[in-house]
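Next come the chains, spelled out residue by residue.
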Amino acid sequence: MKVELFNQYALYWAGGFLVVYVLAQLLVSKHSRFQFLSAIQKSLLVKLIAISAFALTYVFVQVVAG
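Below or above, wherever it landed, is the structure these notes cover. (Residues numbered from 1 in each chain as written. Predicted model: local features only at pLDDT ≥ 70, side-chain atom pairs only at ≥ 80, totals over all residues. Heavy atoms only, no water.)

Brief notes about the environment of Leu 27
Part 1: Its location among the elements puts Leu 27 in helix 1 (residues 10-30).
Part 2: When its relative accessible area of 37% is taken as the criterion, Leu 27 is described as partly exposed.
Part 3: Contact partners of Leu 27, with chain neighbours within four places excluded, come to Phe 34 and Ile 49. (Helix = DSSP H or I, 4+ residues; strand = E, 2+ residues; numbered from the N terminus. Buried < 20%, exposed > 50% of the residue type's maximum accessible area, 1.4 Å probe, protein only. Contact = heavy atoms within 4.5 Å.)

Some details on the packing of helix 1 against helix 2 (residues 39-65)
Part 1: Contact geometry of helix 1 with helix 2 gives a least axis separation of 9 Å together with a crossing angle of 140°. Considering their axes alone, helix 1 and helix 2 lie oblique with respect to each other. Crossing of helix 1 against helix 2: the hand is right-handed.
Part 2: Class assignment of the residues belonging to the contact of helix 1 with helix 2 gives a composition of 16 nonpolar, 4 polar and 2 charged. (Axes fitted to C-alpha atoms, helices over the stretch in contact; angles between N-to-C directions. Parallel < 35°, antiparallel > 145°, perpendicular 65-115°, else oblique. Left-handed = near helix turned anticlockwise from the far one by under 90°. Nonpolar A, V, L, I, M, F, W, Y, C, P; charged D, E, K, R; others polar.)

Here we look at the nonpolar core
Most often, soluble globular proteins have nonpolar side chains that are buried together.
Part 1: With 7 residues, the main nonpolar core is built from Val 20, Ala 24, Val 28, Phe 34, Leu 37, Val 46 and Ala 50.
Part 2: At the level of elements, helix 1 and helix 2 are the ones that each hand at least two residues to this core.
Part 3: The element contributing the most residues to this core is helix 1, with 3 residues.
Part 4: With sequence-adjacent residues up to four places away left out, Val 20 is seen in contact with Ala 50, Ala 53 and Phe 54. (Core = buried A, V, L, I, M, F, W, Y, C linked by side-chain atoms within 4.5 Å.)

A look at helix 1
Part 1: Compared with an ideal rise of 1.5 Å per residue, which puts 21 residues at 30 Å, helix 1 spans 30 Å between its outermost C-alpha atoms and is within 8% of the ideal.
Part 2: For helix 1, the set of buried residues is Trp 13, Val 20, Ala 24 and Val 28. Seen along its axis, helix 1 keeps its buried residues to an arc of 65°; they face one direction. Facing away from the buried surface of helix 1 by more than 90 degrees, the exposed residues are Leu 11, Tyr 12, Leu 18, Val 19, Leu 23 and Lys 30.
Part 3: Structurally, helix 1 contributes buried residues whose contacts are with helix 2. (Expected span 1.5 Å × (residues − 1). Arc of directions from axis to C-beta.)

As for the packing of aromatic side chains
Part 1: Across all of its chains, the model carries 5 aromatic pairs by this definition.
Part 2: Judged by centre distance (6.3 Å) and plane angle (40°), the ring pair of Tyr 9 and Tyr 12 falls under tilted.
Part 3: Of the residues examined, Tyr 12 reaches a relative accessible area of 65% and is grouped as exposed.
Part 4: Taking the centre distance of 5.3 Å and the plane angle of 85° together, the rings of Phe 17 and Phe 54 count as edge-to-face. Of this pair, Phe 17 sits in helix 1 while Phe 54 sits in helix 2; the two residues are 37 residues apart in sequence, bridging distant segments of the chain.
Part 5: Among the aromatic side chains, those forming a connected cluster through ring pairs are Trp 13, Phe 17, Tyr 21, Phe 54 and Tyr 58. (Phe/Tyr/Trp six-rings, centres within 6.5 Å; stacked < 30°, edge-to-face > 60°.)

See the structure below:
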């Protein structure tokens, strides 16, 4: 069994997280539902949405790709 120190798809996953983070940032900044939140609450919400969405995407891809 070959063990890799560095995943060959790591840069793709990093770029994917960046895309998810930017989309979460746009969602929180533009959607009227989040306008009443303070700047700190918006920042935390962006991070929570981005990490959750990325984790779900990662698990989905790993299960499907198998």
